[in-house]
Amino acid sequence: MVRFVDETTSGARDEAWHLEIFEERLPLRELIRRRVFQEVAEHTRQPEVFRGLVQPGGTERTLNGYRMRERRRVDAEEQFARAVEAFIRNGFVVLVDDRQVEELDVEVDLRAGTEVCFLKLVPLVGG
C-alpha cells in the first residue's frame, strides 16, 4: 500500500489515501497515471464534486475539490495529460518519502508504507 498525500505550500494538507501497488519500482509518470485513474474511478461513485490532482475542464474550484457544472464523465486520459502538463510547468512537485522526484521517467522505489506527497505550488499574491 502506497500512501498519497496532497499538500500546498501554504501549509494545507489533505487527508491521506492509499492505493495498492504491487510493483517495487515504477516511473513517476506511471505513479501519477495510476493516481489519476483511481481518482476518476472514485468520481464515478460520487459525481457531484471531483476530488483530484488537477482541475477538469468545465468545473469550478470549491473547498473540497472541483464542482461539476453538469453531470458528465471525466476522461481519465485527459486528466492524466493535464497532470503531466502541470508537473512539467511546476504546478506541483512530487516527494517520495521526503525525496523530490524531478523527472517523470525516474523510477521510484515503492515499499509498504511509502508516502508520495504531491506538493501543489500556490502562486504568490501581490508584489
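Residues numbered from 1 in each chain as written. Predicted model: local features only at pLDDT ≥ 70, side-chain atom pairs only at ≥ 80, totals over all residues. Heavy atoms only, no water.

1. Some details on the pairing of strand S1 (residues 2-8)
At step 1: Of the pairings in the sheet, the one linking S1 to strand S2 (residues 17-19) comprises three bridges and is antiparallel in character. Counterpart to Phe-4 in the pairing with S2 is Trp-17.
At step 2: By the bridge criterion, six bridges tie S1 to strand S10 (residues 115-120) in an arrangement that is parallel. When the bridges of S10 are listed, Glu-7 appears paired with Leu-119. (Pairing = 2+ DSSP bridges. Helix = DSSP H or I, 4+ residues; strand = E, 2+ residues; numbered from the N terminus.)

2. Quick word on unusual backbone geometry
At step 1: For Asn-90, which is not a glycine, the phi torsion comes out positive at approximately 65 degrees.
At step 2: One non-glycine residue, Asp-98, lies in positive phi territory at about 70 degrees.
At step 3: Within the element layout of this structure, Asp-98 appears in the loop between strand S7 (92-96) and strand S8 (99-101).

3. Some points on the sheet that holds S1
Adjacent strands of a sheet pair through backbone hydrogen bonds, lying either parallel or antiparallel.
At step 1: Pairing is mixed in the open sheet, where five strands are placed in the order S2-S1-S10-S7-S8. The open sheet has two edge strands with one neighbour each: S2 and S8. The mean inter-strand angle of the sheet, taken between neighbouring strand axes irrespective of direction, is 30 degrees. (Axes fitted to C-alpha atoms, helices over the stretch in contact; angles between N-to-C directions.)

4. A short note on the nonpolar core
At step 1: Counting 24 residues, the largest nonpolar core has Leu-28, Leu-31, Ile-32, Phe-92, Val-94, Val-116 and Phe-118 as the members making the most contacts within it.
At step 2: Looking at this core, the elements that each hand over two or more residues are S1, helix H1 (28-45), helix H2 (76-88), S7 and S10.
At step 3: The dominant element in this core, judged by the number of residues it contributes, is H2, at five residues.
At step 4: Contacts of Val-94, omitting those with residues within four sequence positions, involve Leu-28, Phe-87, Arg-99, Gln-100, Val-101, Val-116, Cys-117 and Phe-118. (Core = buried A, V, L, I, M, F, W, Y, C linked by side-chain atoms within 4.5 Å. Buried < 20%, exposed > 50% of the residue type's maximum accessible area, 1.4 Å probe, protein only. Contact = heavy atoms within 4.5 Å.)

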